[in-house]
Structures are given as structure tokens and as C-alpha cells.
Amino acid sequence: MTRIPPSDRWPAATAFDAVPRPGPGLSSCRFDAAALPSVVVGQDGSCGPGIDAAGYEQRRIVAFDPASRARKPKIRATAMVFEDPQSQRLQADLDRLAPSDATVLIIGETGTGKELVSRYIHSRSRRADGPFVAVNCGAFSDTLAEAELFGFEKGAFTGALKTQAGWFEAAHGGTLLLDEIGDLPPALQVKLLRVLQEREVVRVGSRKPIPIDVRVIAATNVDLEAAVEARRFREDLYFRLNVASVRLAPLRERPGDIPPLARHFLDLHKERLGRPELSLSVEALRRLARCPWPGNIRQLENVLHNAVLLAPGPEIGADDVRLRCEGHGQGQGRASGAAEPPPSDLEGAVKALVARAIADGEADLYERLVRTAVRSAFELADGNQMRAAESLGMTRNAFRTQLAHLGAIAPRRRSGAAEPGEERASTPSLPAHSSLPARLPVRLVDLPIGYQKFGTSGILKMRGAVEQRLAAHGYRVTWTEFVSGPQMMDALGSKDVEFVATGEAPPVFAQAAGVPLVYVGYDPPAPNAEALLIRHDSPFRSTADLRGRTVALHTGSNVHYFLLRALQAYGLSLDDVRIVHMQPAAALEALLDEMVDAWAIWDPLLSSAQIRDDTRVLTDGSGLVPNHQFYLANQSFADRNPEAVAILLDEVGKAGEYAALHAAEAARSMTRDLGIDAPALELAFSRLTYGAKPLDDRAVRRQQAVADSFHASGLLKSSISVREAVWSGNWA
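What counts and how
Residues numbered from 1 in each chain as written. Predicted model: local features only at pLDDT ≥ 70, side-chain atom pairs only at ≥ 80, totals over all residues. Heavy atoms only, no water. Salt bridge = Lys/Arg side-chain N within 4 Å of Asp/Glu carboxyl O. Helix = DSSP H or I, 4+ residues; strand = E, 2+ residues; numbered from the N terminus. Buried < 20%, exposed > 50% of the residue type's maximum accessible area, 1.4 Å probe, protein only. Pairing = 2+ DSSP bridges. Axes fitted to C-alpha atoms, helices over the stretch in contact; angles between N-to-C directions. pLDDT = per-residue confidence, 0-100. Contact = heavy atoms within 4.5 Å. Phe/Tyr/Trp six-rings, centres within 6.5 Å; stacked < 30°, edge-to-face > 60°.

Considering all chains together, one arrives at 21 salt bridges under this definition. The partner of Arg124 in a salt bridge is Asp95, and the shortest N-O contact between them spans 2.9 Å. Separated by 29 residues along the polypeptide, Arg124 in the loop between α3 (114-123) and β7 (132-136) and Asp95 in helix α2 (residues 85-97) bring together distant segments of the chain. Residue classification places Arg124 among the buried positions, given a relative accessible area of 11%. The partner of Lys654 in a salt bridge is Glu651, with the nearest N and O atoms 3.8 Å apart. Placement of both Lys654 and Glu651 in helix α25 (residues 642-661) is noted, with a separation of three residues, approximately one turn of the helix. Relative accessible area serves as the criterion here: at 40%, Lys654 is assigned to the partly exposed category. Connected through salt bridges with shared partners, the residues Arg469, Asp650, Glu651 and Lys654 form a single ionic network.

Set out below in C-alpha cells:
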């Protein structure tokens, strides 16, 4: 496969834009995105354009600031092949659809290349010189979905620190891909329908309509017709989206694409990993051809990547191709007649799973199946109860009941129940192995705790000691996970949680927004546990070099103040850089793909990126910020339940001490749950401070400086007094 260098002309659109409009397509060629921009030549000597299609697997893939628009990023490779007869028919359909502005609905299993097809359509359309924006609708929470799509005005909600355009505006003049459209929250389906009809958006917090010129492509792996019948998806929106539909066949139904895709991924990864001598044996190709590929192209790439990493010799043999296909009745197992193909329907698959579990003597099977279904739906919906309930065909109330049984949320209060923090009659449910006294309080107080997976309170939850200790004093603990501090502050304000732990910035913005919080404790400083990361090959040597550059930041998070101080140290302000609001899961890929120039992040995600050889720290918080961890509670709860506060902070201190003094042991035990490699966790835990204590004058002055800095920068509409929010109770 030969790449022809592109012309110098580069459209100033998004950083993931396609190259200029291609020439006529052929019946068989490769559509490659290994480099951007490029033109890829097929075996016959010509083909369509090379188009960036890597994206970010998680959520948003476009930064639409001017610097990113003009840059040509390095792209992780992805490829779609048009060599199987079925793929060639697909290409012909795409070539006919592309020139029009018709809305297209792309349907296919996960990993079949829906985004690649969308980019192909965009590249061959009249909008090819415009932006291509891809948005994952499944990533939206109900509270942020409208703001993400349609934009928001400054002050429209907590954390809206500046006016920001939404993804529709970002795609103006180009194409917008709404991926996983079937996961769009019901309330937003109505608003999307209106946008598609009126061709204008209204930002959150504004009443002024903004005209848009966007071609919409929707993609889904959900049966939308069934979702319409089940009333999970609006019928009128379905018809509006389904002007033209494209169905992508799974990889198992187009076997002619497997060998060229395998060779493509082999070439890609052996070059990156420095193993140019590697080749695929005939036996390995045969084994790849026998696999049903439930994960489709994405799974095939992962298998080849693994083979390049682990193959001992110059040729990848059948044994070097490590597949999970045997469990699906294919591969070597099927070739030997040792396994049968898996059931293709849900009921058959569950029946086979239950039969195997019963044969293995698995205990509590029914409860485990229910728990697994509820937890899986909740996680896949990113904690959105309504969407998770709909995915299971349940009412939200029934789903909440199941979540309460699992301890994921607080049990629903019945009429006449006490207010948060008051006692209510109940009998505690304790583990069978509990060593608590036989006589327990008969009245329990619900204590919902908000936590972040990577925070100190996450360590507290994993240790599991606090629940039993609090139960002995009449409290029932439930846990709710949040992505960031600002989300926890909103939940604290709505009394969905009573106790949280977060960094310096979130409580300042929350207090300014009127959240009735109190600071009940804090940990000693840990300034080097947050930093500005840059690519290892970046030319930047100090924060001053970031003037006019793009910085990824989770707005309102604990590193917001750190970024402000790091810039002030060189006479700069937040207005001197372009801030792109990003979830941490998206920011590392954005940094490596040169979508952003720097990333402000905290531990342990900082450590996870820091141990890589393709990133380095530009500056950390040492000498700039204390980086305190604060423990906060609803004021009414803390005043009524000082003993619960004391127990919580005592256990928090023990959890932090364990992680800091036994970093290696803690890292090994928690690496699987946190999804971070043990060496990175060990580094993060070694930087952890512990010993939660009441706020003293010095801590109050430091936090007041944070509030005053945000007010001086115009990010807070009015000044606040931190001292007024310090809890007056005594827990020491």
C-alpha cells in the first residue's frame, strides 16, 4: 500500500477534517486512515482518500479551536477495506449517497467501522472542505447532554464558567456524526428533532436561535425499529434520521476483508514496535479466517497488535495468534469438532450460560444474574438511571429499587420518612461474617456518600471497613460514583449525597452557587500530585510557552486553580491560552494525537500518563498550589450526625495511610478495579498524603486565596467567605 504525499493546501477546519475532495471511486480498494492527510493507492494503482478516522473511543473527538484546526495530527491507525464483494457493494452505495446532503443512518455492530464510513461519506461530499465532528451520544449524562450538543452561555449552570459553542456549531458547514444515537436521552430526542427540523440551535441559558448548516449522520448498534416499538426512541425522530440507511455487515460476513485487514494491521504495528522482519504465516491467516470476530475490526486489530508484541520469531504462526474465538465455537476448537457455534439470540446465549453455571455448581445464580444485568446497564449508561432502566425494559422506579438493593444509591424514602440526616426505623443488613455486637440500634440513618473512582474516598470504599463501623452506630452507607468534583458538588446541593471528598476548586464554585456545604476536614498538601503534561517531543520548556496554545482541562476540577497559578507565575492568565473542556478519559488521546498542546491532570491518572515514554511533565504544583483534598458534607447532616463525620474521617485517614505506607501492596490489590497499571498506582500512592483533620487557620487562608483568585479572574460572579463554610462541629 503506497501513500502519496498530499498537496500543501490544508482546509482550516477541525483537526480531524478530511483531505480535499477525492476523484472517482473504484470497485475495490482500501480506505486507510493510518496517516492524515494522505492518498492511499490500492492494488490497481488508485483509490480514495486517506482520512483520519481514529477518533477517541470514548466520547468527543474534535477540538475546534483555531490552533487545532490548522494542525495535522498524528493519528492512530484504523482501516476499512473494500475487497470482499459485499464491501464493494457497500462502497458503491456510499459513493451514491455522499454527494447529497441527505441525513444518513448507519447501522452495524460495534467495531464494524461506522465512524470510518461516516468519514468516507464526508470526504466525498460537497462538504469535504468543512469540519467533520463525531460525538458519542452514549457519553452524555442527562444534565450535560443539551449543553454538549447545543452549547451554553456563561453562568447557565454550575461550572459554566464561559460561553461555549456546542457540537452542532462546531460542525457548521460540514458533517456531524451522532454516534450511538440509540443511547440519546429521551428528553434530548425531542430537542434534537426540533434542531433537525428548524436547522437552528439555542444554547443553554440563551433564547437566541443560532442558524446551523450541518449534514447529520447518525450511527447505532441498536435496533431502532425495536426501540421505537418499545417506546424507548421517538418514532418521528427515527423517520427524520432514516432518510437513507446503510447497514454494515459484521466482519464474519465479509471474510474477503480479513486477510488484507490483517496484513494492514501487521504492517502498522510492526513498524511502530520496531519489528520490520515480522510476517504472517499461512496457518495464522487460516486461523484468523475461522474466527467469527464478535468484536469485528477492532478485535482483529487488537489480535494483530498482541501478536506483534509477543511473537518470538520472524514469522507469526498460528499459536502466536491469541484468539478468544474458541469460546464462540470457532477457531481451533471448532476445527477439531470440540465446540459448537454459539447461540445467535439472547435467550439462547443466556440459556447456555445458565446451563454451564449450573453444571459448575455456581451458587446464588439468580441474584448474581440480576446484579450483573443491573450493574452492567448502569455502567454502560454512565450512571444515567433513566437510560439504564430503558435499556433493560424497566421503569425507572423499579431500576432504582434494584440499585438500592445493590447499595449503589440510597434507598428511596417513603412518605412520612425523615429528612436527610434524621433517624428512620429500619433494621440493618449486615454480612454473615460480621463480628458486630448482637444488639444493634434498631433505627438507621441513611448516609449516601459520593466518591470518585480515583480519589481517596474510592480507596475508602474498596477497603470496605467503614460500612460495618458505621452500621454499628446506626448508619446505612450507600455509594454513588462521580466522574468529577463539580458533579459531586451538584449532588451535594441536591442532597443526593451527604459526604464527598474533592480538591480545591469544586467547593469554591459550589459555595458561590449556593450549595449548603461545610468543610469538615482536609488532608495535608500534595502539590506534586497534579501537573501539566505535554508530549515527550514537545518543544515547550516552561509554562510561558503555552501562550496561545490549547490546554485540556476538566473545567471546575481541582486542577483548574493549579492551571491558573501556573500561568500567573509567568505573567499569563487563563485568557492567554485556549482551554478545551475534556473528561480525563478523552484528554490523553487528545494530547498524543496533537489535538491539544498540554493537559492539566491529577493523580493517579497523572502517574498513569507520566510513566509512559511519550509524555513528560512541563510543571507540577510544587511551589504553586497546596493541592489540598477537602472533605465536605451537607451542613444539616453534619450538624445532626457529628459521630458519623468523625468515623468517616478517621477511616479516610486509615485508608490514606494504608495506600501511602504500603504503596506497592495497595497498587497490586487495586490495579484491576481501577484499570490502572500497578507501577502507576504505586507512584500515585507514594505521593499520597494522609491524616484528615479539621480545617485550621492556615488551610482556611489557602482556600480563601483560591476563591479570591477565581473571583479576580472573573470566574466567580461574587466573592465568598470560606470561613463561613467551615463546620463548627467537633469530630477530633
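After that view, the rundown keeps rolling.
Read from one edge to the other, the open sheet built from five strands follows the order β7-β8-β11-β6-β12, with strand pairing classed as parallel. The two strands at the open ends of the sheet, each matched to only one other strand, are β7 and β12 (244-247). For this sheet the average axis-to-axis angle between neighbouring strands, irrespective of direction, equals 20°. Here four bridges tie strand β6 (residues 104-107) to strand β11 (residues 215-220), and the two strands are oriented parallel to one another. When the sheet's bridge partners are listed, Ile107 is paired in β11 with Thr220.

Here the protein averages 76 in pLDDT, and 77% of its residues register 70 or above. Counted against residues more than four places away or in other chains, residues 1-78, with its pLDDT under 50, gives 247 contacts. Confidence drops under pLDDT 50 across residues 412-442; counting only partners more than four residues distant or on other chains, this segment forms 51 contacts.

The next subject is the packing of aromatic side chains. According to the stated counting rule, one finds eight aromatic pairs in the structure shown. Seen in terms of ring centroids, Phe509 and Phe710 are 4.7 Å apart; in terms of plane orientation they differ by 45°. Their pairing is tilted. Note that Phe509 is positioned in helix α20 (residues 505-512) and Phe710 in helix α28 (residues 697-712), a separation of 201 residues in sequence. Both residues of the pair, Phe509 and Phe710, belong to the buried class. Between the aromatic rings of Tyr522 and Phe630, the centroid separation amounts to 6.4 Å while the plane-to-plane angle is 35°, which identifies the pairing as tilted. Taken as a pair, Tyr522 in strand β19 (residues 517-522) and Phe630 in strand β25 (residues 630-634) lie far apart in primary sequence, 108 residues in all. Three or more aromatic residues joined by ring pairs form one cluster here, namely Phe509, Tyr561 and Phe710.

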